[in-house]
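# Understanding the architecture of this molecule
One-letter residues, chain by chain:
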Amino acid sequence: MIMYRPLPFFNERKLPISTLVIHSMAHNADEGIKQLEALQLSAHYVVDYDGTIYQCVSEDKRAWHAGVSYWRGETDINSCSIGIEVCHRSLGQSKFNKKQIASLIELCHDIIRRRQIAPTMIVGHSDIAPERKPDPGKDFPWKELAADNIGIWYGSRFCAQADAVEMLSTIGYKTDTEQAVQASAYAFCRHFLPKKIIKLPVKKLVDNPYPDDCKKLLSDGEFMTALQNIYCQYRIYSKTNC
Ligand SMILES: [Zn+2]
């Protein structure tokens, strides 16, 4: 059952819906919706700790959740996406509640089915804004969601290698500056290789979503292996010859 908590912060979409953006917020739904209101922001849905889903903006409208962002060449992510906030005290830096994830999975299935969203277009806020945002966080259960056909996870195939920047860019990340490459490499780990991510107090994490020294990731063997595999999954799903 979906509860309604309308927020007035939305406008008309300029693009068709193609993308699902998952966030986390360090509040329960009531506090979080009040905070969105205070900041004149919004999301289509907020999933509370206990799995209760609140709808704040109609899916047909452009909610204000992505901010300055980029995925696969598109920068007006608010216009082409549905945004879901998942309530989580430590911003995704500890295990999520089972009931809450079950409820989120059900909501995602419904949206993906109705809106025909491709697995390559199911992303976290940190994937589309790696220089600014750490959510939904390193312990968000992307693997569990992918096992339920929501998004992409590792496969058994490996295809032709490319250099790290080209692979990050093919997956969808912003790589136009040295800073963006480093932040994107860290965001990739936050999504696909969470053991590389350091747990931080929420305030510190919000102020500094990626560390200064993550350049070394680009020469890390484990990172490159994971990147190659996910790159291959993306190419398969994008129907590019592998
Ligand atoms: Zn967010």
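Below, the discussion takes up helix H1 (residues 29-38). Within H1, burial applies to Ala 29, Gly 32, Ile 33 and Leu 36. Looking straight down H1, one finds its buried side chains confined to an arc of 95°; they lie on one side. For H1, the secondary structure elements touched by its buried residues are strand S3 (19-25), strand S4 (45-47), strand S5 (53-55) and strand S7 (81-87). Taking the backbone nitrogen of Asp 30 as reference, a side-chain oxygen 3.1 Å away marks Asn 28 as the first, capping residue of H1.

This part takes up the packing of aromatic side chains. Considering all chains together, one arrives at nine aromatic pairs under this definition. For the ring pair Phe 9 and Trp 64, a centre distance of 6.3 Å and an interplane angle of 40° mean the geometry is tilted. Here Phe 9, found in the loop between strand S1 (2-4) and strand S2 (10-12), pairs with Trp 64, found in the loop between strand S6 (61-63) and helix H2 (77-80); they are 55 residues apart in sequence, far enough to count as distant. With relative accessibility at 13%, the residue Phe 9 sits in the buried group. Ring centres of Phe 188 and Phe 192 lie 5.0 Å apart, and the angle between their planes is 40°; this geometry places the pair in the tilted category. Placement of both Phe 188 and Phe 192 in helix H7 (residues 178-192) is noted, with a separation of four residues, approximately one turn of the helix.

For the rest of this paragraph, the subject is the domain arrangement of the protein. Per the domain assignment, the segments making up the protein are domain 1 (2-147) and domain 2 (164-237). Measuring from the centre of the C-alpha atoms in domain 1 to the corresponding centre in domain 2 gives 20 Å. On the side of domain 2, 24 residues touch domain 1, which itself brings 21 residues to the contact. At the boundary of domain 1 with domain 2, total buried surface from both sides reaches about 2,100 Å², with 62% on carbon and sulfur atoms. Our enumeration of links across domain 1 and domain 2 arrives at one salt bridge. Of the charged contacts in the structure, one is a salt bridge between Lys 174 and Glu 131, with a shortest N-O distance of 3.4 Å. The tally of links from domain 1 across to domain 2 stands at eight residue pairs in polar contact (both at pLDDT 80 or more). The residue makeup of the side of domain 1 that touches domain 2, split by class, is nine nonpolar, five polar and seven charged.

Further remarks concern the packing of helix H6 (residues 164-171) against helix H9 (residues 221-237). Contact pair H6 / H9: the axes reach a minimum separation of 9 Å and the direction vectors enclose 40°. Relative to H9, the element H6 is oriented oblique. As H6 runs across H9, the sense of the crossing is left-handed. Residues Ala 164, Glu 166, Met 167, Leu 168, Thr 170 and Ile 171 of H6 form the contact with H9, whose participating residues are Met 224, Leu 227, Gln 228, Ile 230, Tyr 231, Tyr 234 and Arg 235.

A few words on the coordination of the zinc ion. Around the zinc ion, the protein contributes the donor atoms His 23 (ND1), His 125 (ND1) and Asp 135 (OD), which lie 2.1 to 2.2 Å from the metal centre. Sequence positions of the donors to the zinc ion reduce to the motif H-x101-H-x9-D. With His 23 in strand S3 and Asp 135 in the loop between helix H4 (125-128) and helix H5 (142-147), this pair connects stretches of sequence that are 112 residues apart. For the residue pair His 23 and Asp 135, the accessibility class agrees, reading buried in each case.

Conventions adopted
Residues numbered from 1 in each chain as written. Predicted model: local features only at pLDDT ≥ 70, side-chain atom pairs only at ≥ 80, totals over all residues. Heavy atoms only, no water. Buried < 20%, exposed > 50% of the residue type's maximum accessible area, 1.4 Å probe, protein only. Helix = DSSP H or I, 4+ residues; strand = E, 2+ residues; numbered from the N terminus. Arc of directions from axis to C-beta. Contact = heavy atoms within 4.5 Å. Polar contact = N/O pair within 3.5 Å; in protein donor to acceptor, adjacent residues only side chain to side chain. Phe/Tyr/Trp six-rings, centres within 6.5 Å; stacked < 30°, edge-to-face > 60°. Domains from an automatic or database assignment. Buried area = accessible area lost by both parts, 1.4 Å probe. Salt bridge = Lys/Arg side-chain N within 4 Å of Asp/Glu carboxyl O. Nonpolar A, V, L, I, M, F, W, Y, C, P; charged D, E, K, R; others polar. Axes fitted to C-alpha atoms, helices over the stretch in contact; angles between N-to-C directions. Parallel < 35°, antiparallel > 145°, perpendicular 65-115°, else oblique. Left-handed = near helix turned anticlockwise from the far one by under 90°. Donors = N, O, S within 2.8 Å, 3.2 Å for Na, K, Ca; no water.

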